[in-house]
Amino acid sequence: MERILSGVFIFGTIGLFTVIGVLALGVGWFLYFFLILFRATSSIIVLGKAGTLHLLITFPVGFPTAKLMIKNSAWYENAVRELAGGAR
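1. A word on the overall build of the protein
At step 1: Looking only at helices and strands, the protein features three helices and zero strands.
At step 2: Each helix and strand of the protein, ordered N terminal to C terminal, gives the series α-α-α.
At step 3: Computed over its C-alpha atoms, the radius of gyration of the protein comes to 16 Å, more than 25% above the 12 Å expected for a compact globule of 88 residues.
At step 4: Based on the C-alpha atoms only, the size of the protein along its principal axes is roughly 50 × 25 × 20 Å.
At step 5: Across the 88 residues of the protein, 26% fall into the buried class.
At step 6: Counting contacts in the protein only where the partners sit at least 6 residues apart, residues at least 24 apart contribute 65% of the total.

So, in structure tokens, the structure goes:
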């Protein structure tokens, strides 16, 4: 039970920061590198060595792919324009 609660807390926190990193304009790539280190150290508690290895192979490819897909979307371009104050 303790392992499940630890997993929910760790991956909930990491998931939140991952979403922020993918959607954020400036801080996103900093979070990418920070989260790689954080995932490597914290996920071994919950997933073990094999699970952590799979996660560390998937995350470095998945995060930039998601960030680039969102960056090229119309929604993202509209959001950037709105943040810059140019949407009318």
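2. Details of the nonpolar core
At step 1: Counting nine residues, the largest nonpolar core consists of Ile10, Ile14, Val22, Leu31, Tyr32, Leu35, Val46, Phe59 and Phe63.
At step 2: The dominant element in this core, judged by the number of residues it contributes, is helix 2 (residues 28-71), at six residues.
At step 3: Not counting residues within four places of it along the chain, the set of residues in contact with Leu31 comprises Phe17, Ile20 and Gly21.

3. Comments concerning a nonpolar patch on the surface
At step 1: Residues Leu16, Phe17, Ile20, Val27, Phe30, Phe34 and Phe38 make up a contiguous nonpolar surface patch of roughly 640 Å² in combined accessible area.
At step 2: Listed by contribution, the elements that provide at least two residues to the nonpolar patch are helix 1 (2-23) and helix 2.
At step 3: In this fold, Phe17 is placed in helix 1.

4. Some remarks on the UniProt feature "transmembrane region" (unreviewed entry) in the protein
At step 1: Taking the UniProt record as the reference, the feature "transmembrane region" (unreviewed entry) is found at residues 7-38 and 44-63.
At step 2: As annotated, residues 7-38 has a helix share of 88% and a strand share of 0%, and its two end C-alpha atoms lie 13 Å apart.
At step 3: The distance from the first to the last C-alpha atom of residues 44-63 is 20 Å, and the span holds 100% helix and 0% strand.

5. Considerations on the environment of Trp29
At step 1: With respect to the element layout, Trp29 can be found in helix 2.
At step 2: You can call Trp29 partly exposed: its relative accessible area is 37%.
At step 3: Through-space distance from the C-alpha of Trp29 to that of Pro60 is 11 Å; in sequence the pair is 31 residues apart.
At step 4: Among residues more than four places away in sequence, those in contact with Trp29 are Phe63, Pro64 and Lys67.

6. Focus: the packing of helix 1 against helix 2
At step 1: Two elements in contact, helix 1 and helix 2, have axes separated by 8 Å at closest approach and are oriented at 15°. When the axes of helix 1 and helix 2 are compared, the pair comes out roughly parallel. For the element pair helix 1 and helix 2, the recorded crossing hand is right-handed.
At step 2: Of the residues assigned to the contact of helix 1 with helix 2, the class counts are 18 nonpolar, eight polar and three charged.

Parameters and conventions
Residues numbered from 1 in each chain as written. Predicted model: local features only at pLDDT ≥ 70, side-chain atom pairs only at ≥ 80, totals over all residues. Heavy atoms only, no water. Helix = DSSP H or I, 4+ residues; strand = E, 2+ residues; numbered from the N terminus. Rg over C-alpha atoms; globule rule 2.2 N^0.38 Å. Buried < 20%, exposed > 50% of the residue type's maximum accessible area, 1.4 Å probe, protein only. Contact = heavy atoms within 4.5 Å. Core = buried A, V, L, I, M, F, W, Y, C linked by side-chain atoms within 4.5 Å. Patch = residues over 30% accessible without salt bridge, like charges linked within 9 Å, V, L, I, M, F, W, Y side chains within 5 Å. Areas by Shrake-Rupley, 256 points an atom, 1.4 Å probe, with all protein chains shown as cover. Salt bridge = Lys/Arg side-chain N within 4 Å of Asp/Glu carboxyl O. UniProt positions renumbered as here; feature names shortened; annotations may be inferred. Axes fitted to C-alpha atoms, helices over the stretch in contact; angles between N-to-C directions. Parallel < 35°, antiparallel > 145°, perpendicular 65-115°, else oblique. Left-handed = near helix turned anticlockwise from the far one by under 90°. Nonpolar A, V, L, I, M, F, W, Y, C, P; charged D, E, K, R; others polar.

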